[in-house]
Structures are given as structure tokens and as C-alpha cells.
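Chains, contacts and geometry: an overview
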Amino acid sequence: LKSKRVIREFRFNVLIDADGLTSDESLKREKVLLQGVTDCIFETEDGKLTLVDYKTDDVPLDKYEDILRENHSTQLNYYRKACNKIFDNLVNRVLIYSVKLGICVEVEDTII
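Remember, predicted model here, so these are calculated numbers, not experimental data.

Moving on to the side chain of Arg80. Following the sequence through the fold, Arg80 ends up in helix α1 (residues 64–86). Arg80 gets classed as buried once you look at its relative accessible area, which sits at 4%. Excluding residues within four positions of it along the chain, Arg80 makes contact with Leu51, Val91, Asn92, Arg93, Val94, Val107, Glu108 and Asp109.

Relative to the 33 Å expected for 23 residues at 1.5 Å per residue, α1 spans 31 Å between its end C-alpha atoms, a close match to the ideal helical length. The largest bend in α1 amounts to roughly 55° and is located at His72. By the burial criterion, the buried members of α1 are Tyr64, Leu68, His72, Ser73, Leu76, Asn77, Tyr78, Tyr79, Arg80, Ala82, Cys83 and Asn84. On its buried face, α1 sits against β1 (6–17), β2 (31–43), β3 (49–55), β4 (91–98) and β5 (103–106). Two residues or fewer past α1, Asp88 is found with a positive phi of approximately 60°.

The rules behind these values
- Residues numbered from 1 in each chain as written.
- Predicted model: local features only at pLDDT ≥ 70, side-chain atom pairs only at ≥ 80, totals over all residues.
- Heavy atoms only, no water.
- Helix = DSSP H or I, 4+ residues; strand = E, 2+ residues; numbered from the N terminus.
- Buried < 20%, exposed > 50% of the residue type's maximum accessible area, 1.4 Å probe, protein only.
- Contact = heavy atoms within 4.5 Å.
- Expected span 1.5 Å × (residues − 1).
- Bend = angle between axes of the 7 residues up to and from the residue.

In short, shape yes, function no, at least from these values alone.
Here it is as C-alpha cells:
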């Protein structure tokens, strides 16, 4: 796979709406500072971005997809939200790459 743009260890700080973070109505209109570091972002041929996060979890092969998604989907959907804001809504896919297994797992886009 060739990409015309690859960004490694992208550090970000972005203000996002607290709406998806709390059930307290008085706080839903507030902003929250979200900070993180993406392991890798690359641009696909159609100009969309794919976020890849490397994980070293020791997970059994027969349950790796469920475990990796359960452990990391929330974090990575926040990263997706931040990068969509920073890169003008271009994140098309988010992948977890299991370093130990050498396998990618796609993370569903959930509204946060």
C-alpha cells in the first residue's frame, strides 16, 4: 500500500464538546480539552485518512478482535473525533494493529 502522506506520532490538543461525555445537562454545553498521540495516520488514494494505533496487548488468538475492540474502541473513537476536527472530517477508518499477533482490527465509528 502506497500513501502520499504518512504522519507518525501525531500529537494533538483539541477542544471538543462535552455532550458525549456526561449525562449532566449543565455540563453538556461545555468544552473539554482532549489530548493524545496517534501512532500513525496515512492518506488513502481517495484523500481519506486511516488512523492506526499499535497495541501490545497479550490476547488469545480466538478472541483477539472482541478484546482489542472492547479495550480500545472508546479511546480510538475520541482520537477519530479529534482528527476529524483537525483534518476537516477526513478520517475514514480506524485500525488497531496488534503487534504481538501481526493482525489489524477495524474499530466501528461510534458517535461520541
